[in-house]
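Analysis of the macromolecular model
Okay, here's what each chain looks like letter by letter:
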There are 2 protein chains.
Amino acid sequence: MAKRVLVVGGNAAGMTAASRAKRLQPELDITILEAGPFISYSICGLPYYIAGMVERHEDLLTFTPEKLESERGIKALTGVRAEEVRPGRRSLLCTEVETNREFELDYDLLILSTGYRPRVPSMEGLELEGVWTVSRLEDGIRIQEAAGFGSRVAIVGGGYVGLMMAHGLGRRGLEVTVFERNRHLFGQVDEDMAEVIEEELRSNGVRLMLDAPVRRLVGRNGVFEGVEMGRETYPADLALIDVGIVPNTELAERSGIGLGLSGGIQVDGRGQTALPAVYAAGNCAETRHLVSGRPIFSALGTTAAQQGRVVGENVAGRRSFFPGSLETSIEKVFSLGVSRTGLTLRQALDQGFEASCAQVTGRERAGYYPDCGPMRVKLIFERPNGRLLGGQIVAGHSAAKRIDTLVAALTAGMTLRDLSQLNLAYAPPFGTLWDPLQIAANVGRRELERW
Amino acid sequence: MAKRVLVVGGNAAGMTAASRAKRLQPELDITILEAGPFISYSICGLPYYIAGMVERHEDLLTFTPEKLESERGIKALTGVRAEEVRPGRRSLLCTEVETNREFELDYDLLILSTGYRPRVPSMEGLELEGVWTVSRLEDGIRIQEAAGFGSRVAIVGGGYVGLMMAHGLGRRGLEVTVFERNRHLFGQVDEDMAEVIEEELRSNGVRLMLDAPVRRLVGRNGVFEGVEMGRETYPADLALIDVGIVPNTELAERSGIGLGLSGGIQVDGRGQTALPAVYAAGNCAETRHLVSGRPIFSALGTTAAQQGRVVGENVAGRRSFFPGSLETSIEKVFSLGVSRTGLTLRQALDQGFEASCAQVTGRERAGYYPDCGPMRVKLIFERPNGRLLGGQIVAGHSAAKRIDTLVAALTAGMTLRDLSQLNLAYAPPFGTLWDPLQIAANVGRRELERW
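Residues numbered from 1 in each chain as written. Chains lettered and ligands numbered in written order. Predicted model: local features only at pLDDT ≥ 70, side-chain atom pairs only at ≥ 80, totals over all residues. Heavy atoms only, no water.

This paragraph deals with the relation of the copies chain A and chain B. Expressed as a screw operation, the relation of chain A to chain B combines 0.0 Å of axial shift with a rotation of 180°, fitting to an RMSD of 0.0 Å. Classification of the inter-copy transformation places it as that of a two-fold axis. In terms of proximity to the rotation axis, the leading residue of chain A is T405(A), whose C-alpha is 2.2 Å off the axis. The residues that chain A uses at the interface reappear at the interface of chain B in 100% of cases, marking a shared surface. (Least-squares fit on C-alpha atoms with pLDDT ≥ 70 in both. Contact = heavy atoms within 4.5 Å.)

Printed below as a string of structure tokens:
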């Protein structure tokens, strides 16, 4: 009889694991279980849908269950929540969300790809109508409906999701205010880089409240009406909460599967959990930071898909390993591209590295070439050896994607010197004779010489 | 007394060497000698000047001799040709080009950065008025003047320079025909990628004559009138010749400085020639191909500047090394960006590698995001280990610059698997969940499994 594989969670990691396993072993009987109404969509595309740049939410879907079954031979059950793994019987207790009906499904191999969810802050008023978090397609659809032209939107927390939403809603002409408890937005980059992002947001009409911890959302008759901060109340029609994320590990915990130091499900390099025949992949699972070696859980779709691929191969009988991640991210904030990889200077110092940084503002193409904008680069490196620890770029257009060069350099353990001697591509429409990454590397080398 | 440094050649390598040495040892007495009228200009910017996208040729100049002396304390003599090194006396015999007056200059350290020049084909009619090669700013200025609107331009040879000119002159509305002796243009990429470039040229009104060796340029009263091929003559007003380049090594040869297998001046990793106190850097000097290990001379400004930096440091008393180059290039052909690094499949096979390739056409950003174009990627790799040997990209906009990721990967000796597991940056406006580079890597891995 064909082996039965159950996959809990139908997005990047789960979809990739299922597809890869099925491709390598077509005789596998694979079923994806998804609590929500959709599988296989681009959560990263939500702000562009909310901004009206992507017309229909269907455009964000890669597969419906029907399409998945007919094209790949993989079944998907939506509206089904996995409740508990029963490893002794190799079965999974499930609930049909709509009816609350319980049932059991047997498995030979089980993959947990339950993803993450928004962290819930300690704040009054979260239950009010008009208060949202954003982590699923259905959230985006409801926000799109609720946010009419002229609505006032309060975004509580200026992280990755908060900025994506500020960009998306700001572009639609809504009145957006971001409340950030720290002195600067977007802790994924260092404060000096965050300032450039803040300027861009302000010049596009987004109001920023920094150093502004929100204690309470206020409302009337159960409907959200404003954000209370200190003695003032800022009226608004909608609130979006983005104070970080946590991995969805309840199913694992309830089933006796251990978590790692990061809070994600503990797995080995092949994605195996402590329970036999049970794998975990994606944002619910722990992985290793390639620079620091520390356990992390990643919120990235890219890492989730890569982990899913590895688990899919192992489920199909191969020996495949996932090396780790760099917490690389890239984001569009109006006309800016913002990207980062590895450690920020702050993270590197907090983790005990002898870290320094070099920062330059170069040009994304030749100065005499039309449409040449600035490209700001920050490199973080270790003393005295010059090993790269991380990098950040803020630039116009697509120059932020050049962070990928640093991703490869960090993964290979390169130094500032290595980076400065790479034979990068140059022609006037595409760059400068010395790439800003290399100018920054040379500045860093001078910095090292002073030590 | 201050050490005297002479630098022969005032572009990328020479300028960088002089500047770096002066910065590290301000007491050095440095003089740059340049046979032509200009120093320190962007030869890569010429087609954009000829195309009218850069208004004044002065925009391509970074330094005039006056500016160089006042800002960096480096002297530059233009119109001076170096004739022979006299190592016994540590002097350089020079000629003032305008007057033919000979004179000698003493040196403590000498840097040869004489660059390259166009190769002269065996072809009748090269002496005719209206026949040009393009390797210096003064060529570009004269072509700009000669090529009036409506002129018919014959480009003989479809290499890097030929394509840059076809793009530049085509954009200005001139009638451009490219004559290429081989079956495909642009031998820097494999034939399947060249076909995409050819399509783009044709759809922008450039006429292509492939498999079309030119034997003779014809003219009347010493003025060019057309290209003769087989029994036909193709009338034209201007001819641009691009049949490759050769390093300028006459000065070295005349002075008893040995050349390497590539035809460039033989140097060690520090840029030292066989003569004591004489260095060479830039396109006249030999270096090492980082994938094949073979000696090459490179036509790249980037490599020239990096070699110049290393030589400048050594001249200032440091111990600095240049590891080598990958022959990375990038070019704009109307709306396309074309880039390459490492070996082509053809080169890899010719050099005895057990090479295969993987090719995919992905997207440069999320399919649902506005303005999403195709991104064609070709990876060349070694069997059975999957080590990357080279890569090529043809894409719209600036996606061709993503070749830099491959540059870092090749330099680090990464395999297809390493590439496919890099934590590259993703968000819908900037890319796809699996970057086309990684999709190609995964296709290559499947290809490897078949062996």
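We now examine the nonpolar core. Core analysis: the biggest nonpolar cluster contains 179 residues, and L201(A), L240(A), L379(A), L201(B), L240(B) and L379(B) have the highest contact counts within it. Setting aside anything within four residues of it in sequence, one finds L201(A) in contact with L163(A), A166(A), L185(A), V206(A), L208(A), V333(A) and F334(A). (Core = buried A, V, L, I, M, F, W, Y, C linked by side-chain atoms within 4.5 Å. Buried < 20%, exposed > 50% of the residue type's maximum accessible area, 1.4 Å probe, protein only.)

The next thing to look at is helix α8 (residues 301-315) of chain A. Residue and element names in this part refer to chain A. Its 15 residues give α8 an end-to-end C-alpha distance of 20 Å, which sits within 8% of 21 Å, the value for a rise of 1.5 Å per residue. Of all 15 residues in α8, 15 are buried; the element is thus mostly enclosed. G317 occupies a position one or two residues after α8 and carries a positive phi of about 100°. (Helix = DSSP H or I, 4+ residues; strand = E, 2+ residues; numbered from the N terminus. Expected span 1.5 Å × (residues − 1).)

Moving on, we come to the interface of chain A and chain B. Contacts between the two partners involve 72 residues from chain A, matched on the other side by 72 residues from chain B. The contact between chain A and chain B buries some 5700 Å² in all, and 59% of this surface belongs to carbon and sulfur atoms. It is Y368(A), N423(A) and F430(A) that lose the most area in chain A upon contact with chain B, and together they represent 14% of the buried surface on that side. At the junction of chain A with chain B, the criterion picks out four salt bridges. Between E449(A) and R318(B) there is a salt bridge, with its nearest N and O atoms 2.8 Å apart. Across the contact surface, chain A and chain B share 31 residue pairs in polar contact (both at pLDDT 80 or more). Of all the elements in the fold, those that place two or more residues in the side of chain A that touches chain B are α1 (12-24), α8, β21 (329-333), α10 (403-411), α11 (416-420) and α12 (436-449) of chain A. Among the elements that line the side of chain A that touches chain B, the one with the most residues is α8(A), at eight residues. (Buried area = accessible area lost by both parts, 1.4 Å probe. Salt bridge = Lys/Arg side-chain N within 4 Å of Asp/Glu carboxyl O. Polar contact = N/O pair within 3.5 Å; in protein donor to acceptor, adjacent residues only side chain to side chain.)

Along any regular strand, the residues point their side chains to alternate faces of the sheet. All names here are of chain B. A two-sided burial pattern is seen for strand β16 (residues 238-241), the buried positions comprising L238 and L240 on one face and A239 and I241 on the other. Both strand β9 (residues 131-133) and β16 contribute to a ladder of three bridges, which runs parallel. Each bridged residue has a counterpart across the sheet, and for W132 the counterpart in β16 is L240. Where strand β10 (residues 152-156) lies against β16, four bridges are found, and the strand directions are parallel. By the bridge assignment, V156 is partnered in β16 with I241. (Pairing = 2+ DSSP bridges.)

Right, let's talk about helix α4 (residues 137-146) of chain B for a bit. Those residues of α4(B) that sit buried are L137(B), E138(B), D139(B), G140(B), I141(B) and I143(B). Elements that come into contact with the buried residues of α4(B) comprise α2 (46-50), β9 and β16 of chain B.

The next thing to look at is the sheet that holds strand β15 (residues 232-235) of chain A. All names here are of chain A. On the basis of which strands lie adjacent, the open sheet formed by three strands has the order β13-β14-β15 and antiparallel pairing. The sheet is open, and its two borders are formed by β13 (216-220) and β15, each paired with just one other strand. Here the strands of the sheet are splayed against their neighbours by 40° on average, with no regard to which way each runs. Across five bridges, β13 lies against strand β14 (residues 223-229) in antiparallel orientation. By the bridge assignment for β14, G219 is matched with F224. (Axes fitted to C-alpha atoms, helices over the stretch in contact; angles between N-to-C directions.)

We now examine the side chain of K332(B). With respect to the helices and strands, K332(B) occurs in strand β21 (residues 329-333). It turns out K332(B) is buried and unbridged, and the closest side chain with the opposite charge, E200(B), is 7.9 Å from it. Leaving out residues up to four positions away in the same chain, K332(B) has contacts with Y369(A), P429(A), F430(A), Y48(B) and H167(B). (Lys, Arg positive; Asp, Glu negative; His and termini not counted.)

The residue after R383(A), namely P384(A), is reached through a cis peptide bond having omega -5°. Secondary-structure assignment places P384(A) in the loop between β24 (374-382) and β25 (388-396). Even without a glycine there, the phi angle at N100(A) is positive, about 65°. Inspection of the secondary structure assignment puts N100(A) in the loop between β5 (91-96) and β6 (102-106). Looking at N100(A), the relative accessible area reads 57%, which means it is exposed. In this structure, S40(B) is a non-glycine residue whose phi angle is positive, near 55°. Locating S40(B) in the fold gives a position in the loop between β2 (29-34) and α2.

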